[in-house]
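# An overview of the molecular structure
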Amino acid sequence: MPRMNAARKHPVDFTLNGRTVLAEAENRMLLSDLLRHELGLTGTHVGCEHGVCGACTVQIDGKPARACLTLAQQVRGSDVRTVEALSPDPAVLSPLQAAFRRHHGLQCGFCTPGILMSLDALLRERPGAGREDIREHLSGHLCRCTGYATIVEAALAAAEEQRKEEKPNA
Amino acid sequence: MKPASFDFLCPETLEEALAVLAEGGGEARVIAGGQSLVPMLNMRLARPALLVDIMRLEVLHRIETSGDEIVVGAGVRQAELEAWPSLLRDLPLLAAAFPWLGHVQTRARGTVCGSIAHADPSAELPLSLLTLGGAVSLRSRKQKRRVKANDFFIGMMATDLAEGEMIEAVHFPKARPGSGYAFREVGRRHGDFAIVACAAVADDSGLRLGIAGVDDRPRVFPLPALNDDQFDDAINDIAWSLNARDDIHASARYRRELVRSLGRETLKEASRCRA
Ligand SMILES: Cc1cc2nc3c(=O)[nH]c(=O)nc-3n(C[C@H](O)[C@H](O)[C@H](O)COP(=O)(O)OP(=O)(O)OC[C@H]3O[C@@H](n4cnc5c(N)ncnc54)[C@H](O)[C@@H]3O)c2cc1C
Ligand code: FES
Ligand code: FES
């Protein structure tokens, strides 16, 4: 592969929310900016660009990761999912999103997309995850509004629903 | 904040990577998981002319047992080693340290070797490598060399890595039956860098206490078997021998106090695990 010049844009091909995307980005472009400014997916929020707040968390190859600490060029060939992928239909919330709404897991909502992406990955990897796992995943996020208690309750409720679905007759 | 411009290269072979690193002089830099480098680029604390992405080099993607060592290649992400099925048996100290190493979200991308190369004085992996008496394999176009952790970390984010050289793998000594290991840390938020972290090993040759977050690099101290009074004196001497400083996170005095209390707890726990 040739050296990619700093002054020009270069192709980045990857899967985004199940669709193949062929975008273009300068080497220095962050994944968070590619998603928001080039592809128009503004659900991924940007708080600190230091990796500390977690607002920009997306899933890369199924794992929650900071979009602000990932260069767009690093996701070539990867599978990226953003908060826009959680509900298949704009009028319907995913079970995790619905639980957030029921349990008042958000106030201003700035931190919410990132938190949803971390918890969605957790619930997929460990269906019915418990309080400890949920808290561990939340430790990578800063929420300035809710004090976390309702977020934990929402995640536990979603996990509980998931457990019931897995074992319908249990 | 946004990074300044740089050229980017994603080599297909290790030889190609080493060739560009050699040609680039100090201006070319390896990027692995980016979890420390990208924040530095974002804040423009680093402005390399060229980034060499090593994450697609399959040869660097390996966790292997070789004799009495576990060899972790430069392409291995922290979460992969954390999930390695033999971790608890072969590297119990790392199993205890991982939950403290950043967050699930940063471990998913950050590599084991990247953390060692970054050499933050309060980082968990450099501390663990040093306390276990491990080593680093370095590779440049011209030569391959192996450096003991003790000689590799030379100061605040400073290592023995030369221009044009990269870490190819790190070597962690495998746990031996009858040895005990413990890890403790105090930080401001779970997953943030340590104010003080302690790692301890108890084995046939005695006790070893590793300390991070106090001096400009992790430090390790061997200790003989001691009675309680002697033990208090010894750990107090250690606390004072470190070059503790005040910063926005904690005072030097608080750090010394943490060395005494965490040091005692980790050494006790390692000794207990031995029995
Ligand atoms: C919110 C947050 C919290 C964090 N908390 C912690 C923590 O508690 N403890 C901790 O230890 N770390 C922590 N970190 C830092 C980070 O996780 C590690 O330092 C990081 O994973 C380094 O590995 P990397 O693969 O991401 O390296 P990169 O960021 O890609 O590189 C880091 C440096 O190492 C060099 N480098 C990387 N690989 C090699 C190689 N093979 N050979 C030569 N040079 C190389 C790069 O050139 C660069 O200078 C945190 C980071 C964030 C964002
Ligand atoms: S914007 Fe990425 S972690 Fe804050
Ligand atoms: S709901 Fe406002 S920051 Fe979390």
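My aim in this report is to walk through the structure given alongside it, one point at a time. (Residues numbered from 1 in each chain as written. Chains lettered and ligands numbered in written order. Predicted model: local features only at pLDDT ≥ 70, side-chain atom pairs only at ≥ 80, totals over all residues. Heavy atoms only, no water.)

### Some words on the overall build of chain A
Rules: In DSSP terms, a helix is any run of H or I states spanning at least four residues, a strand is any run of E spanning at least two, and both are numbered starting from the N terminus. Here the radius of gyration uses the C-alpha set of atoms, whereas the globule reference equals 2.2 Å times the residue count to the power 0.38. Burial here depends on accessible area, computed with a 1.4 Å probe over protein chains only, as a share of the maximum for the residue type. Under 20% is buried, over 50% is exposed, and the range in between is partly exposed. Contacts: residue pairs with any heavy atoms within 4.5 Å of one another. Calculation of accessible area relied on Shrake-Rupley with a 1.4 Å probe; when residues are assessed, cover is drawn exclusively from the protein chains displayed. Under the convention used here, Asp and Glu are negative, Lys and Arg are positive, and both His and the chain ends fall outside the count. Here the site of a charge means atom NZ of a Lys, CZ of an Arg, CG of an Asp or CD of a Glu.
Counting its secondary structure elements, chain A contains 5 helices and 5 strands. Against the 2.2 N^0.38 benchmark of 15 Å for 170 residues, chain A shows a C-alpha radius of gyration of 17 Å, consistent with a compact globule. Seen through its C-alpha atoms, chain A measures out along the principal axes to roughly 55 × 35 × 30 Å. Here chain A holds 170 residues, and the buried ones make up 52% of them. Sequence-distant contacts, at least 24 apart, represent 55% of the contacts inside chain A between residues at least 6 apart. If you sum the accessible surface of chain A, you get close to 8,000 Å²; carbon and sulfur atoms cover 51% of it. Charged side chains of chain A number 20 positive and 20 negative; the gap between the two group centres comes to 2 Å.

### Structural notes on a nonpolar patch on the surface
For clarity, the threshold we go by: Each patch is assembled from residues with relative accessible area greater than 30% and no salt bridge, linking like charges that lie within 9 Å and nonpolar side chains (Val, Leu, Ile, Met, Phe, Trp, Tyr) that lie within 5 Å. Within this document, salt bridges are pairs made up of a side-chain nitrogen of Lys or Arg and a carboxyl oxygen of Asp or Glu, the two lying within 4 Å of each other.
Residues M1(B), M43(B) and L45(B) make up a contiguous nonpolar surface patch of roughly 310 Å² in combined accessible area. Along the chain, M43(B) turns up in the loop between α2 (37-42) and β3 (50-53).

### Describing the side chain of T111(B)
All names here are of chain B. The following threshold applies: Think of a polar contact as two N or O atoms within 3.5 Å of one another; within protein, one of them needs to be a possible hydrogen donor and the other a possible acceptor, and neighboring residues in sequence only count if both atoms come from side chains.
Structurally, the position occupied by T111 is in the loop between α6 (104-107) and α7 (112-118). T111 sits in the buried class, given a relative accessible area of 2%. A polar atom in the side chain of T111 sits 2.8 Å from the backbone nitrogen of G114. The contacts of T111, once residues within four sequence positions are left out, are A32, G33, M55, A74, V76, R77 and Q78.

### With respect to the packing of aromatic side chains
Residue and element names in this part refer to chain B. The condition is simple: By convention, a stacked pair of Phe, Tyr or Trp rings (six-membered ring in the case of Trp) has centres within 6.5 Å and planes under 30 degrees apart, an edge-to-face pair has planes over 60 apart, and any other such pair is tilted. In our convention, an over-ring charge means Lys NZ or Arg CZ found within 6 Å of a ring centre and within 35 degrees of that ring's normal.
Inspection of every chain in the model, using the stated rule, returns 1 aromatic pair over all chains. Geometrically, the ring pair formed by F152 and F153 is edge-to-face, given 5.4 Å between the ring centres and 75° between the ring planes. Take F152: its relative accessible area is 0%, and that puts it in the buried class. Since its relative accessible area comes to 3%, F153 is described here as buried. Above the ring of W240, the side-chain terminus of R256 is found at 3.9 Å from the ring centroid. A cation over a ring is seen here: K268 above F231, with NZ or CZ 5.6 Å from the ring centre.

### With respect to helix α1 (residues 31-38) of chain A
If you check which residues of α1(A) are buried, you get L31(A), S32(A), D33(A), L34(A) and L35(A). Structurally, α1(A) contributes buried residues whose contacts are with β1 (10-16), β2 (19-25) and β3 (57-60) of chain A.

### As for the sheet that holds strand β1 (residues 7-9) of chain B
All names here are of chain B. So the rule is basically this: Strand pairing is defined by DSSP finding a minimum of two bridges between the two strands. Inter-axis angles, ranging from 0 to 180 degrees, are taken between N-to-C directions of lines fitted to C-alpha atoms, where helices are fitted over the stretch in contact.
Taken in spatial order, the 3 strands of this open sheet run β1-β3-β2, and their pairing is parallel. Of all strands in the sheet, those with a lone pairing partner are β1 and β2 (28-31), marking the two edges. Here the strands of the sheet are splayed against their neighbours by 25° on average, with no regard to which way each runs.

### Topic: the pairing of β3(A)
Residues and elements named next belong to chain A. With burial as the criterion, each face of β3 is covered, one bearing T57 and Q59 and the other bearing V58 and I60. Pairing of β3 with strand β4 (residues 63-66) involves 4 bridges; the strand directions are antiparallel. Residue pairing in the sheet places Q59 in a bridge with P64 of β4. In sequence, β3 turns back onto β4 through a hairpin of 2 residues, with D61 there showing a positive phi of about 50°. Both β3 and strand β5 (residues 79-81) contribute to a ladder of 2 bridges, which runs antiparallel. Counterpart to I60 in the pairing with β5 is V80.

### Digging into the site of ligand 1
Threshold: The rule for a residue being near a molecule or strand is that one of its heavy atoms must lie within 4 Å of it. When residues are sorted by character, Ala, Val, Leu, Ile, Met, Phe, Trp, Tyr, Cys and Pro go into the nonpolar class, Asp, Glu, Lys and Arg into the charged class, and all the rest, Gly among them, into the polar class.
Around ligand 1 sit 35 residues in total, of which V30(B), S36(B), L37(B), T111(B) and E124(B) are the nearest. At the site occupied by ligand 1, nearby residues are drawn from chains A and B. Contact between ligand 1 and G34(B): an oxygen atom at 2.8 Å from a main-chain N or O atom of the residue. Within the contact set of ligand 1, a nitrogen atom lies 2.6 Å away from a side-chain nitrogen or oxygen of E124(B). Relative to its unbound accessible area of 960 Å², ligand 1 is 95% covered by the protein chains. Sorting the residues of the shell around ligand 1 by element identifies β2, α7 and β10 (166-173) of chain B as the ones contributing at least two each. Top contributing element to the shell around ligand 1 by residue count: α7(B), with 4 residues. The residue inventory of the shell around ligand 1, partitioned by class, reads 16 nonpolar, 16 polar and 3 charged.

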